[in-house]
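Take a look at the letters that make up each chain.
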Amino acid sequence: MSWIKSNEKEILSLLNGLACKAEEAAKLLVDIFGNFDKLDENHAQIKKIEREADQLTHSVFEELNKTFITPLDREDISRIASKTDDIIDYIEGISGRIVNFKIKSPPPYMLELAKDIQYSTKEINLMITSLNKLKVNKSIIEHCRTISEIEHHADDIYRKAVGDLLETTDIINIIKLKDIYEALETASDRCLDVADSIEDVVLKYT
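One structure accompanies this document, and this report is about it.

Basis of the calculations
- Residues numbered from 1 in each chain as written.
- Predicted model: local features only at pLDDT ≥ 70, side-chain atom pairs only at ≥ 80, totals over all residues.
- Heavy atoms only, no water.
- Helix = DSSP H or I, 4+ residues; strand = E, 2+ residues; numbered from the N terminus.
- Buried < 20%, exposed > 50% of the residue type's maximum accessible area, 1.4 Å probe, protein only.
- Areas by Shrake-Rupley, 256 points an atom, 1.4 Å probe, with all protein chains shown as cover.
- Contact = heavy atoms within 4.5 Å.
- Salt bridge = Lys/Arg side-chain N within 4 Å of Asp/Glu carboxyl O.
- Axes fitted to C-alpha atoms, helices over the stretch in contact; angles between N-to-C directions.
- Parallel < 35°, antiparallel > 145°, perpendicular 65-115°, else oblique.
- Left-handed = near helix turned anticlockwise from the far one by under 90°.
- Nonpolar A, V, L, I, M, F, W, Y, C, P; charged D, E, K, R; others polar.

So, about the overall build of the protein chain. In terms of helices and strands, the protein chain carries six helices and zero strands. Helices and strands in the protein chain line up, N terminus first, as α-α-α-α-α-α. Across the 206 residues of the protein chain, 50% fall into the buried class. By element, 50% of the accessible surface of the protein chain is carried by carbon and sulfur atoms, the whole surface being about 10000 Å².

It is worth spelling out the environment of Val99 at this point. Along the chain, Val99 turns up in helix H3 (residues 74–100). According to the relative accessible area criterion, Val99 is partly exposed, its value standing at 23%. Along the backbone, Val99 and Leu39 are 60 residues apart, and their C-alpha atoms lie at a distance of 7.5 Å. Ignoring sequence-local partners within four residues, the contact set of Val99 consists of Leu39, Asp40 and His43.

Moving on to the pattern of salt bridges. With the rule as written, the count across this model stands at 13 salt bridges. One salt bridge in this structure joins Glu52 and Lys21, with 2.6 Å as the shortest N-O distance. On the criterion of sequence distance, the pair formed by Glu52 in helix H2 (residues 39–66) and Lys21 in helix H1 (residues 11–34) is long-range, its members being 31 residues apart. We note a salt bridge from Glu182 to Lys178, for which the minimum N-O separation is 2.4 Å. One end of the pair, Glu182, and the other, Lys178, are both in helix H6 (residues 171–205), four residues apart, so they sit about a helical turn from each other.

This brings us to the side chain of Asn42. For Asn42, the location among the structural elements is in helix H2. Note on Asn42: relative accessible area 3%, which makes it buried. Beyond its immediate stretch of four places on either side in the chain, Asn42 contacts Leu28, Asp31 and Ile32.

The next thing to look at is the packing of H1 against helix H4 (residues 110–131). Packing of H1 against H4 brings their axes to within 8 Å, and their N-to-C directions diverge by 165 degrees. Comparing their axes, H4 and H1 come out roughly antiparallel. Both H1 and H4 take part in a crossing whose hand is left-handed.

Two quantities define a packed helix pair, namely the angle between the axes and the distance from one axis to the other. Closest axis-to-axis distance for the H3/H6 pair is 9 Å, and the angle between their directions is 165 degrees. Classified by the angle their axes make, H3 and H6 are roughly antiparallel. Pair H3 / H6 crosses with left-handed handedness. For the contact of H3 with H6, the class distribution of residues is 14 nonpolar, three polar and ten charged.

Next up, the structure:
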């Protein structure tokens, strides 16, 4: 017996799709900082993924409204979907800032922060795929711990990046880059939010 029954769609399959979109967007963000000449192309693709993710999230909520769920609470599904969608929203916002602020070359530390986000989205994808089994497995918590470690690393990089930035004297550049660093750090936080939500589910049902 599967966790979730739906007359039309499997809700966890929609979550799988959302997690894949998050990982895909994070890979493109890494490519932005690694291949700055492809900025416009990658940003356009991230925007497309963000729209697709919004539709997937909407589909999750539609299914929740018409599906009897047992034993997984609909609040757990809603939280995981919303937080995963938030990651993609932040990634789209970061790439948009890079374009709109007319950043001409990859700023220090941003590639490293983007890679941390990519690593975390990969772990999230693995966790949500693992949830789509006949029962919850506590080994999923190992992925939660990994994301927590990644988030701590991202925090350290963020503080170092902002500290170095504030040693410079170009006020406009400081404002622009600090905003982007903050968005990168928040995207990492949202990854941890997803991991915490999934850990809550695992502990609840095992």
